Amino acid sequence: MTKPNITIKNPPKWTRLIARFTNPRGLNSPQKLKQAVQGKIVLITGASFGIGEETAKHLAKQGAIVLLVARSFDKLQAVATKIIEQGGVAYTYSCDLSQPESAKKLASDILEQHGHVDILLNNAGKSIRRSIAMSLERFQDFERTMAINYLGPVQLILALLPSMRARKKGHIINISTWGVKMPAGGRWSAYQASKGAFDTWFKSVSVEIKQDGISTTSIYPAIVYTRMSAPTPWMHLLPGMTTDDAAHVIERAIVEKPYDISPPWLWSAQVSAVLMPTPVRKYMELVFKLTKDSDASIQSAKTSIKQR
Ligand SMILES: NC(=O)c1ccc[n+]([C@@H]2O[C@H](COP(=O)([O-])OP(=O)(O)OC[C@H]3O[C@@H](n4cnc5c(N)ncnc54)[C@H](OP(=O)(O)O)[C@@H]3O)[C@@H](O)[C@H]2O)c1
């Protein structure tokens, strides 16, 4: 089931200034991007909304052939139409990537139709922020996040790897989250565990496929103002990235092919967690105490109990 329409609030103007220092640097050179993507086949999962949609538009504008994947067919068509109207090339693939068989078929259809994939942007994902007390009757939260954030992308990459290995080239970019590099935070058990599972899998595979000429980049964004972060009301007050900012970060990943990209302050949080584990854990407990489940999260937990 796809999400209902969600209003994405604009962040206050003052956060924009701070955001320049708290988020990863993006690429600001259409020329360099054009050299990197012109005529290249770029598969973007989660291209119907948010980061994926915006990135698809940026890349297509510089001559990439973008293959757009998500479940919402109408929304994908609308994104593709806009790209084509502006002179770009886009193809749409409606696919539920949480179903491994669908992910496998998607890869085989794409290879049959386009021959190969130059760049895979593994971006589709599902976030759940819900306390464990609200999750006791919701085992499906853990199944669903594992299915789309971990198992689906694993199957998609398994099906694309033979072609990339045979060509001895390719670039796989994963949109992870800062959370997987941080000590685990309250209410994020389903999301963080599933994103962490894929992150570990991807890094392990990365060591092997580097030998085959395939590059990988893991991106660890903090907050991006999309329908994913919108249900948590305070998130738009923090200095996050717009989808345009996030697309520029992905552009840098494509051009520079770094191993990973993180917010500049993330290393200090990681070091603190190693040097001061107890105060950091106490801090996490305090944050949990001072915040609450979002109304949307409480509402869906109540609905699932009623349905039983
Ligand atoms: N927003 C943030 O603050 C933030 C922070 C860190 C990391 N991220 C990561 O950034 C990525 C993009 O998120 P976003 O913020 O752009 O969220 P979004 O606006 O909700 O977009 C998520 C995309 O994933 C697609 N998707 C979800 N489930 C799918 C499924 N089963 N099969 C195929 N496609 C599916 C959605 O399309 P359909 O619903 O049409 O299928 C949509 O296009 C995610 O991996 C997320 O974990 C986001």
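Worth saying up front: this structure is predicted, and the values here are computed from it rather than measured. (Residues numbered from 1 in each chain as written. Predicted model: local features only at pLDDT ≥ 70, side-chain atom pairs only at ≥ 80, totals over all residues. Heavy atoms only, no water.)

### Considering the pattern of salt bridges
Which entries qualify depends on this criterion: Salt bridges, as used here, are contacts in which a Lys or Arg side-chain nitrogen is within 4 Å of a carboxyl oxygen on Asp or Glu.
In this structure the tally under the stated criterion is 15 salt bridges. Linked through salt bridges whose partners overlap, the residues forming this network are Arg130, Arg138, Asp141 and Arg144.

### Describing the nonpolar core
Heads up, the condition is: Here, the term nonpolar core denotes a set of buried Ala, Val, Leu, Ile, Met, Phe, Trp, Tyr and Cys residues that are joined through side-chain atoms within 4.5 Å. Burial here depends on accessible area, computed with a 1.4 Å probe over protein chains only, as a share of the maximum for the residue type. Under 20% is buried, over 50% is exposed, and the range in between is partly exposed. Segments assigned H or I by DSSP are reported as helices when at least four residues long, segments assigned E as strands when at least two residues long, and all are numbered from the N terminus. Throughout, a residue-residue contact means that at least one pair of heavy atoms, one from each residue, lies within 4.5 Å.
Of all hydrophobic cores here, the largest spans 32 residues; its most connected members are Ile44, Leu59, Val66, Leu68, Ile83, Ile173 and Ile219. Of all the elements in the fold, those that place two or more residues in this core are helix H2 (30-37), strand S1 (41-45), helix H3 (50-61), strand S2 (65-70), helix H4 (73-85), strand S4 (119-122), strand S5 (170-175) and helix H8 (243-256). For this core, the element with the highest residue contribution is H8, accounting for five residues. Sequence-distant contacts of Val66, that is, excluding residues within four places in its chain, are made with Val42, Ile44, Ala56, Leu59, Ala60, Ile83, Val89, Ala90 and Tyr91. Within the second largest apolar cluster, 29 residues are counted, among which are Val117, Ala159, Trp201 and Phe202.

### Side note on H3
Threshold: By this rule, a helix spans an expected 1.5 Å times one less than how many residues it contains.
An ideal rise of 1.5 Å per residue puts 16 Å on twelve residues; H3 measures up with 17 Å between its terminal C-alpha atoms. Counting buried residues along H3, nine of its twelve residues qualify, which places the element largely inside the surrounding structure. Taken residue by residue, H3 has Gly50, Ile51, Gly52, Glu53, Thr55, Ala56, His58, Leu59 and Ala60 as its buried positions. On its buried face, H3 sits against H2, S1, S2, H4, S4 and H8. At the exit of H3 stands Gly63, carrying a positive phi of roughly 100°.

### Observations regarding the packing of aromatic side chains
So the rule is basically this: Any Phe, Tyr or Trp ring, taking Trp's six-membered ring, that has another such ring centre within 6.5 Å forms a pair; planes under 30 degrees apart are called stacked, those over 60 apart edge-to-face, and the others tilted.
Evaluation of the coordinates by the stated rule reveals four aromatic pairs. Taking 5.5 Å as the distance between ring centres and 75° as the angle between the ring planes, the aromatic pair formed by Trp178 and Trp265 counts as edge-to-face. A residue pair is termed long-range when its members are at least 10 positions apart, and Trp178 in the loop between S5 and helix H7 (189-209) and Trp265 in the loop between strand S7 (260-261) and helix H9 (266-275) qualify at 87 residues. On the accessibility criterion, Trp178 (30% relative accessible area) is partly exposed. Judged by its relative accessible area of 28%, Trp265 falls in the partly exposed class. Between Phe198 and Phe202, the ring centres sit 5.6 Å apart and the planes meet at 20°, which makes this aromatic pair stacked. Of the two residues, Phe198 and Phe202 both sit in helix H7, four residues apart, roughly one turn of that helix. Across the pair, Phe202 and Phe198 agree in class, each one buried.

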